Each structure stands twice: as C-alpha cells, then as structure tokens.
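# Observations on the model geometry
Spelled out from the first residue to the last, the chains are:
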Amino acid sequence: MDTHKKMAALNEVLAYAKTSNYYSNRIPQLPIKSLADLAHIPFTTKNDLRSQSPYGLLPSQAESLSQYHESSGTTGQPVSVWYSDKDLDEITSRIATCGVNFNQEDIVLIRFPYALSTISHFMHRTVQKQRGCVVPADSRTTVTPMPKVINLLRNLNVTVLACISLQAIMLAEVAEMQGLNPKTDFPFLRAICTAGEPLTPYRRSLIEGIWGVPVFDNYGMTEIGTAMIDCPSQQMHLFDDCFHIEVLQDDFQTEVNDGECGNLVVTTLRKRATPMIRYATGDIVQVKHSKCLCGASCSFVIRGRKDDMITINSVQFDLYEVEKIISKLPARRFWSVGNWKNHLYLFVEQESEHDMVPKEYIDSLKTAYGIDLSIFLLEKGTLYDRKDPLSFGMKAKPRYYLTEKETQSLLTQIKIF
C-alpha cells in the first residue's frame, strides 16, 4: 500500500478507535500528518488489553458483533477480542491466499483448539468458503485423542492437516507407534498448515522430512487475527493493506535495519470490531526486503517470544537460535532448554538408543557463542510421556523454555549432579 493510501486508512481507523473508552484519550488530535506522527501515540500492551476487557476497546461505532474470543494466556485476566462478520470475511479471504491453495477437493483436518481460540475458527471458515470439507478434530477434547486423529487421517483420505508444528511431530510419532510410515501410509495428504507458534526453517525441514509434504505457516494472534501467511514459495508476507507494522529496537523508538531482528508492533488499518493501535505483540521478528518469487517485496521471519528468550553474557537465544543448534543433532523432535548459573542446557529426547552428540560439536558451539553450554540426550518419554495415548499431545501451548528451578530439577532427575 502506498503512503498516501496508508495515511488515509490510518486516520480513518484512528478516528474510529478514538470512539472507544480505551483509545478516547490516548489518540491525539486528528488527522496525523505522517507515519512519524504515529510515534506520539502510546503503545498498547497486553496488560492494557486485560484491564480493558471485555468491552473497553469496542468503539461506539462498531458494527454488529459476530464472534467473541479470548487469548490463551495463563496469567491474569484474559484478553477479550470481538470480531464482526466483515472482520471474519476479511481474515478468511486473506488466509485463502496461503500457498496451500485450499480447493473444493480438499478434506482438511483441523487439529487446533476450538473453544475460545481463533485460528481453528478462521481456518474452518476459510476452507468452507473455498468449498472444501472440514474435519473439526479439536486438540483439547478427549473425543479426538491422537490415535483417533490418525484413524481419521487415513480413513477419510485427509488432504491437508492443520495444527501447531509440535502436534504435527507428535502425530507422526503416534502413527509410527501404530506401525505406520507417515511418508507412505497417508497417500492423500498433500500439505500441512501450521500456526500458533513460530515455525523456524529447521522445524519446517524436520516436519517435511517426516511427512514428505510441504508445510505452510500462518502468523497471527487472538488480538489481531491472522496478519501474515506463507506464499507458495513458503515465504511469509504481511497483509500490508490490513496492518501497519513497526519493527523496533529494544529502546522501542528506533526502527531496525533490514535483516535485523526487532520487536513487532502492529496497528490495524481496517475498522475492526476490536481495533489495535500500536500493539506491542511481544514477538521478535526479522524483516527481509528482497523480491520473492511470488512478487512480494518483503518477507518476515518470526523468531519467537521476547519473554521466552534466554540471554547469557549478552548472547540471545530465541526459538530460532535454539532450533538452529538442535537441527544438527541426531535427535530433533522433542526438546527443552534452560539457563542455570549462566550455563545453557539443552535437553533433547533420543529417537534411537544409538543417538549421540559428538563432543566436537559441543566444543564448536561453546567457541561460537562464548558461553558454557551442554546438550543432554534423554530417554524417550522424559519430556513428553507416551504411556497414556489419551493425554499425549493434550497439553496447552508447548513450553520449550524451562525456568531456572525447572532446569535444576531436571538436571537432578537425570543425575547430572
């Protein structure tokens, strides 16, 4: 979107948002004259959203409400977000442009949580608007445990699996426990769609290697809906006619340079039922300005949550960096990482009793990062219990990062000290 059109859209949505209780005193006199003027508006934070839920962000001019959702946060009051029918149509029409290219011959198994989350409903509506068929295999109900999902994938000739990336790996393992080969025993499966957690190129490669089909990612959150999707070339692009973004250094004032990582701040450019003005998402992203094969001029890499990042001696380990390390290991499926006494510990479940980590690799990592670092291969089942197939994979969002106390406890459990 060119600057003139963006400024017109931005001023319209600012005037609209200003009719809500929350934004009424936070947005200055309008219109703003340039994108630089946006910096005079305070950031909206997760705590702000909690304090204003459920109705504080609703503009008085909001259209009829069609759907209500809450964030999946585990602390504090939940964040309330409302969507109008127009909002939902806009979001699903954008998801339909994903490189997976849903069509009327598709049978899509949706393995995201339904309930108050968003992505399952967005994906469900998208597939049906493309005239495909949905199998709503909610990941938070005992009605569809992992073995049942495997049966559905096979018996219904499912063509697309939609789930968080870790679920794709877990489902493959359950299939293998049943004596199935994910690459050959699901001949109708043509793609996997992921969302709900960052998908690094290393995990994408792992999943594609296991299932033998391409993986397409979807980035968004309850607060803003879907904001970016993978194109056919598996590069992630922003819906720039729907969102204005800022990628800022840790001072939250200076834009990062091309290719650098920064804090993602999002402003909606449409008159959503719940507008977001300068929402500090808490996510770290990397922007790359280069021409994509699909024609887009800019792509994004989602690096992970800022709050999860481990910093040791000024060296930062986000999800992307950790999985880069793990990608060179003989076992890569299930892992956790923790910091204890400025020492980085990576715990990875063995996939074979013969798996080993060469000492040379650990030494090279210590030299490259300049920190104390250890990698432990654990017995299968240490991090994710497979004994009860009904509970395997039924947890809430994955937790890859351990607290210092949890790290110490795990080190004690595996008798490191």
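Preceding block: the structure.
Residues numbered from 1 in each chain as written. Predicted model: local features only at pLDDT ≥ 70, side-chain atom pairs only at ≥ 80, totals over all residues. Heavy atoms only, no water.

## What about the overall build of the chain?
The cut-off we apply is this: Secondary structure elements follow DSSP: runs of H or I of four or more residues count as helices, runs of E of two or more count as strands, with numbering from the N terminus. Here the radius of gyration uses the C-alpha set of atoms, whereas the globule reference equals 2.2 Å times the residue count to the power 0.38. Exposure categories follow from relative accessible area, calculated using a 1.4 Å probe and restricted to protein chains: below 20% of the type maximum is buried, above 50% is exposed, and the middle band is partly exposed. In what follows, a contact means two residues having at least one pair of non-hydrogen atoms within 4.5 Å. Surface accessibility in these figures is a Shrake-Rupley result with a 1.4 Å probe; residues are shielded only by whichever protein chains are displayed. His residues and chain termini do not enter the charge count, which takes Lys and Arg as positive and Asp and Glu as negative. A charged residue contributes its charge at one atom only: NZ of Lys, CZ of Arg, CG of Asp or CD of Glu.
Each helix and strand counted, the chain has 10 helices and 18 strands in total. Expected size for 417 residues packed as a compact globule is a radius of gyration near 22 Å; at 22 Å, the chain falls within 12% of this value. Its C-alpha atoms put the chain at 65 × 50 × 40 Å along the principal axes. Expressed as a percentage of its 417 residues, the buried residues of the chain come to 54%. Put simply, 65% of the contacts in the chain that link residues at least 6 apart link residues at least 24 apart. Counting only carbon and sulfur atoms, one obtains 50% of the accessible surface of the chain, whose full area is about 18700 Å². Computing the positive centroid from 44 side-chain charges and the negative centroid from 47, the chain places the two 2 Å apart.

## Details of the environment of histidine 121
Our working rule: For this analysis, a polar contact is any N or O atom pair within 3.5 Å, provided that within protein one partner can donate a hydrogen and the other can accept it, and provided that sequence-adjacent residues contribute only side-chain to side-chain pairs.
Along the chain, histidine 121 turns up in helix α4 (residues 119-129). The exposure class of histidine 121 is partly exposed, given its relative accessible area of 25%. Here alanine 115 takes part through its backbone oxygen, which lies 3.3 Å from a polar atom of the side chain of histidine 121.

## Examining the layout of surface pockets
Going by this rule: A pocket, in this scheme, is an open set of points on a 1 Å grid over the protein atoms alone with protein on both sides within 12 Å along at least 5 of 7 lines, while a cavity is a set where a 1.4 Å probe fits but cannot get out; residues line either one if an atom lies within 4 Å of a point. Grid points are joined across faces, edges and corners, and a volume is the space filled by probe spheres set on the points. Only Asp, Glu, Lys and Arg are considered charged in this grouping, and only Ala, Val, Leu, Ile, Met, Phe, Trp, Tyr, Cys and Pro are considered nonpolar; every other residue, Gly among them, is considered polar.
Of the voids in this model, the second largest pocket is the one considered here, and its volume is about 610 Å³. Lining the second largest pocket are 25 residues, with Leu238, Asp240, His289, Cys298 and Phe300 positioned closest to its centre. It is strand β10 (residues 243-248) that provides the largest number of residues to the lining of the second largest pocket, a total of 4 residues. Of the residues contributing to the lining of the second largest pocket, the split by class is 14 nonpolar, 6 polar and 5 charged.

## A closer look at the sheet that holds strand β16 (residues 335-339)
Heads up, the condition is: Pairing between two strands requires that DSSP report at least two bridges joining them. Every angle, taken between N-to-C directions, lies between 0 and 180 degrees, and every axis is a line fitted to C-alpha atoms, over only the stretch in contact when it is a helix.
Taken in spatial order, the 3 strands of this open sheet run β16-β17-β18, and their pairing is mixed. Only two strands of the sheet have a single partner each, and these edge strands are β16 and β18 (372-378). Taking each pair of neighbouring strands and ignoring which way they run, the sheet shows an average axis angle of 15°. In terms of strand pairing, strand β17 (residues 343-349) meets β18 through 7 bridges, oriented parallel. Its bridge partner lying in β18, valine 348 is registered against leucine 377. Against the sheet, helix α8 (residues 319-326) contacts β16, β17 and β18, and its axis sits at roughly 115° relative to β16.

## A look at empty space enclosed by the protein
A probe matching the size of a water molecule, rolled over the atoms, marks out where space remains unfilled. Going through the model one piece at a time under the given rule, you end up with 2 cavities of 30 Å³ or more. In this structure, the largest cavity spans a volume of roughly 80 Å³. Around the largest cavity sit Ile169, Tyr202, Arg203, Leu206, Glu323, Ile326, Ser327, Arg332, Arg333 and Trp335, which together line it. Only α7 (201-211) and α8 provide two or more residues apiece to the lining of the largest cavity. No other element matches α7, which puts 3 residues into the lining of the largest cavity. Looking at the lining of the largest cavity, its residues break down into 5 nonpolar, 1 polar and 4 charged. When its volume is computed, the second largest cavity comes out at roughly 40 Å³. Ile95, Cys98, Met123, Cys193, Thr194, Phe216, Asp217, Asn218 and Ile229 are the residues that line the second largest cavity. Breaking the lining of the second largest cavity down by element, the ones donating at least two residues are β6 (191-194) and β7 (215-221). Of the residues contributing to the lining of the second largest cavity, the split by class is 6 nonpolar, 2 polar and 1 charged.

## A word on helix α6 (residues 165-177)
A turn of α-helix holds 3.6 residues, and therefore any two residues three or four places apart point the same way. For clarity, the cut-off: Given the number of residues in a helix, its expected span is that number minus one, multiplied by 1.5 Å.
In this model, α6 (13 residues) spans 19 Å end to end at C-alpha, consistent with the 18 Å of a helix rising 1.5 Å per residue. Turning to α6, its buried residues number three or more, namely Ser165, Leu166, Gln167, Ala168, Ile169, Met170, Leu171, Ala172, Glu173, Val174 and Ala175. Residues of α6 that are buried make contact with α5 (146-155), β5 (160-163), β6 and α7.

## What to know about the packing of aromatic side chains
What counts is decided by this rule: Geometry of aromatic contacts follows a simple scheme: Phe, Tyr and Trp rings, the Trp one being its six-membered ring, pair when their centres are within 6.5 Å, and the pair is stacked under 30 degrees between planes, edge-to-face over 60, tilted otherwise.
One pass over the structure, following the stated rule, counts 13 aromatic pairs. Ring geometry for phenylalanine 186 and tryptophan 211: centres 5.3 Å apart, planes at 65°, overall edge-to-face. Placement of phenylalanine 186 in the loop between α6 and β6 and of tryptophan 211 in helix α7 is noted, with a sequence separation of 25 residues between them. The residues phenylalanine 186 and tryptophan 211 share a single accessibility class, namely buried. On the basis of an interplanar angle of 50° and a centroid distance of 5.3 Å, the ring pair of phenylalanine 334 and tyrosine 384 is categorised as tilted. Of this pair, phenylalanine 334 sits in the loop between α8 and β16 while tyrosine 384 sits in the loop between β18 and α10 (404-413); the two residues are 50 residues apart in sequence, bridging distant segments of the chain. Accessibility assignment for this pair places phenylalanine 334 and tyrosine 384 in one class, buried. Taken together, Tyr55, Tyr68 and Trp82 form an aromatic cluster joined through their ring pairs.

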